[in-house]
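So the chains spell out like this:
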Amino acid sequence: MAGLIAIRDLALTFTRDGARTTVLSGLDLDIEPGEFLAIVGASGVGKSTLLRVVAGLVPPSAGTVRLSDPEPGRRAVSLVFQDSRLLPWRRVLDNVAFGLEKLRLPRAERRRRAQGALARVGLADLAGRWPFQLSGGQRQRVALARALAVEPHVLLMDEPFSALDALTRESLQDELARLCRAYRQTVLFVTHDIEEAVTLADRVVVLAGRPGRIVAAHRVAGGQPRDRSAPELKAVAQAIREDLAGAGVSQNLQTAD
Amino acid sequence: MRSRPAAALLPLVGLAAFFALWEAFPRLDLVNPAFLPPPSVIPEAFLRELRSGQWLMAIGGSLGHYLGGLALGIVLGIAVGTLTGMSRTAEGLTAWIVRVLRPVPGLAWVPFAIIWFGVSPEAALFIVAVGVFWIVYFASHGAIRGVDRDLIELAAAFGFRSAPERLLTVVWPAATPGILVGVRTAIGQAWMAVVAAEIFGVAGLGQRMMQASTLLATDIVVVYMLTMALLYGVFDAAFTALQGWMLRWRA
Ligand SMILES: Nc1ncnc2c1ncn2[C@@H]1O[C@H](COP(=O)(O)OP(=O)(O)OP(=O)(O)O)[C@@H](O)[C@H]1O
Ligand SMILES: [Mg+2]
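In this text the structure is predicted, and so the values were computed from the model without any measurement.

Enquirer: Looking at this structure, I do not really get the pattern of salt bridges. What am I missing?
Expert: Opposite charge on two side chains lets them pair, provided their charged atoms get close. Taken as a whole, this structure holds 23 salt bridges over all chains when the rule is applied. Between A:Asp30 and A:Arg8 there is a salt bridge; the shortest N-O distance is 2.9 Å. Here A:Asp30 is found in strand β2 (residues 19–31), whereas its partner A:Arg8 is found in strand β1 (residues 5–16), with 22 residues between them in sequence. A residue is classified by how much of its surface remains accessible, and A:Asp30, at 26% relative accessible area, is partly exposed. Its relative accessible area of 37% is what places A:Arg8 among the partly exposed residues. The structure contains a network of salt bridges with shared partners spanning A:Arg52, A:Asp83, A:Arg85, B:Asp150 and B:Glu153.

Enquirer: What is the right way to look at the site of ligand 1 in this model?
Expert: All names here are of chain A. Surrounding ligand 1, one finds Phe14, Val23, Ala42, Ser43, Gly44, Val45, Gly46, Lys47, Ser48, Thr49 and Glu159. Lysine 47 has a polar side-chain atom sitting 2.7 Å from an oxygen atom of ligand 1. Here an oxygen atom of ligand 1 and a side-chain polar atom of threonine 49 are 2.5 Å apart. Out of a free accessible area of 640 Å², ligand 1 has 64% covered by protein chains. Per element, the largest residue contribution to the shell around ligand 1 is 3 residues, and it comes from helix α1 (residues 47–54). Broken down by class, the residue content of the shell around ligand 1 amounts to 4 nonpolar, 5 polar and 2 charged.

Enquirer: Explanation requested: the interface of chain A and chain B in the structure shown.
Expert: A common way to state how big an interface is: give the accessible area lost once the parts meet. Contacts between chain A and chain B engage 24 residues on the former and 20 residues on the latter. Carbon and sulfur atoms supply 68% of the area that chain A and chain B bury against each other, a total of about 2,000 Å² over both sides. Counting across the chain A and chain B interface gives 4 salt bridges. Between B:Glu165 and A:Lys102 there is a salt bridge, with its nearest N and O atoms 2.6 Å apart. At the junction of chain A with chain B, the criterion picks out 8 residue pairs in polar contact (both at pLDDT 80 or more). Classifying every residue of the side of chain A that touches chain B gives 13 nonpolar, 3 polar and 8 charged.

Enquirer: Hey, could you run me through helix α7 (residues 231–246) of chain A in this one?
Expert: In an α-helix there are 3.6 residues to a turn, and that puts residues three or four apart on one side. When the terminal C-alpha atoms of α7(A) are compared, their 22 Å separation across 16 residues agrees well with the 22 Å that a helix rising 1.5 Å per residue should span. Next to the buried residues of α7(A) lie β3 (36–41), α6 (194–200), β8 (203–208) and β9 (213–219) of chain A.

Enquirer: What am I meant to see in the domain arrangement of chain A here?
Expert: Residue and element names in this part refer to chain A. Here chain A is partitioned into domain 1 (5–68 + 153–255) and domain 2 (85–152). The centre of domain 1, based on its C-alpha atoms, is set 25 Å off from the matching centre of domain 2. The partner domain 2 presents 12 residues to the 16 residues of domain 1 that form the contact. Our count for the contact surface shared by domain 1 and domain 2 stands at 1 salt bridge. Glutamate 175 is paired through a salt bridge with arginine 141; the nearest N and O atoms lie 2.8 Å apart. Counting across the domain 1 and domain 2 interface gives 4 residue pairs in polar contact (both at pLDDT 80 or more). Of all the secondary-structure elements, those providing two or more residues to the side of domain 1 that touches domain 2 are β6 (154–158) and α5 (166–183). Considering each element in turn, the side of domain 1 that touches domain 2 owes the most residues, 8 residues, to α5. Its residues assigned to classes, the side of domain 1 that touches domain 2 comprises 10 nonpolar, 4 polar and 2 charged.

What counts as what
Residues numbered from 1 in each chain as written. Chains lettered and ligands numbered in written order. Predicted model: local features only at pLDDT ≥ 70, side-chain atom pairs only at ≥ 80, totals over all residues. Heavy atoms only, no water. Salt bridge = Lys/Arg side-chain N within 4 Å of Asp/Glu carboxyl O. Helix = DSSP H or I, 4+ residues; strand = E, 2+ residues; numbered from the N terminus. Buried < 20%, exposed > 50% of the residue type's maximum accessible area, 1.4 Å probe, protein only. Near = heavy atom within 4 Å. Polar contact = N/O pair within 3.5 Å; in protein donor to acceptor, adjacent residues only side chain to side chain. Areas by Shrake-Rupley, 256 points an atom, 1.4 Å probe, with all protein chains shown as cover. Nonpolar A, V, L, I, M, F, W, Y, C, P; charged D, E, K, R; others polar. Contact = heavy atoms within 4.5 Å. Buried area = accessible area lost by both parts, 1.4 Å probe. Expected span 1.5 Å × (residues − 1). Domains from an automatic or database assignment.

See the structure below:
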């Protein structure tokens, strides 16, 4: 099976005022169609940087990132940020349609797809609102709808729920799991929340060290929806915690209560 | 706490007191009525100006300079502000030009305006446009420079990567509030430039005020002062309404 994303020997070095910081190095990663892959790592290890490189926002310093070729009207990848980054001057529906405007789709088609994406995240009736009229959870759902509307081969998510309260976070996690299963959406999900990773992902990759590299990978058995308190999940979470402790960074990680 | 109707009346009471005092000074011969006409003679002076056709001609001329200069200054101010706000090269190239030209007051351009355009509507329009340009330029430049990098990254993430695409999808919309603040300031400042330009003889309110003052027809001077205040009020109110509508997406 051809991977949708193939990362080979990736390195990323920032140069600023002559000082060089290598954030990522020697990174290899493949993402298979339909897979939900989570990357777990401490703050500052380079998770966001990795997603930026995959999204083509930052060129790699070495190595390659190969993406699949999207069909017309789709994108290879689309991104959900930690902050919703809605455009405050666009109504909700126009925010969702944002990425579609680049895809040269007819107006009616853009509208139809934006409405469809908004309905999928359960916010069809908020289409006419301004972003300032939404709650944090609703804003994040709209950001998810915007990313889904372009029908990406791989949905990239950068700690999308970390700014939400625990209740909202869990309901959005459940909803994301349901959506991805229903549409067989491939996801690359970055988080520092180990419980979130094992609840959502089919595979969890652990990023640690300086520069950041992959120190371990775990498969999480079982389909969705998952029982958060299942002992199998606890066991994987424990193993990840030990991987991170081995890399000497566990103290930076958020631990579940 | 004062009751609401009383609070609403307060400004009117103040205004009435102001006019009463103004009326009293010349009437009680505290000042020479030729130097300060009482407000009661203003309506009659206004009607004289209106009947003779002078009033309409004056405001027609002034509105032409005002609106023309405002439009030109706003368009150029936004265009240049956008360019230097988006491009470091353009900003670097213009840094010293801006530093040298900015402190030159709009009025200092009058000699050149007259040399280049003669005592003509174009000269007045030019002087108005210069003043408006700087105000709108600085507002636009600052607003564009201040656009959140995260929004530009968002645009790039969805494929809008060229400068024109960035400009249309995020930079201009995000900079709109800041640009509009500059435009509103310019709408007020432009009246000063209009009067200044016309005092040098271009037909309009300012010229008519100068003529009247040389004849000591101070009542007519006051008519035009009030006319200007009224026109400014109308434009500012209309613009504020437009601004509110354009920025209705803000909480
Ligand atoms: N533009 C940049 N220039 C220089 N250094 C940078 C730049 N962007 C990020 N870094 C550095 O790269 C490292 C990784 O940053 P990154 O944002 O990818 O971390 P992260 O894993 O996403 O952390 P968090 O969980 O806090 O979001 C950090 O040490 C950061 O200081
Ligand atoms: Mg990050």
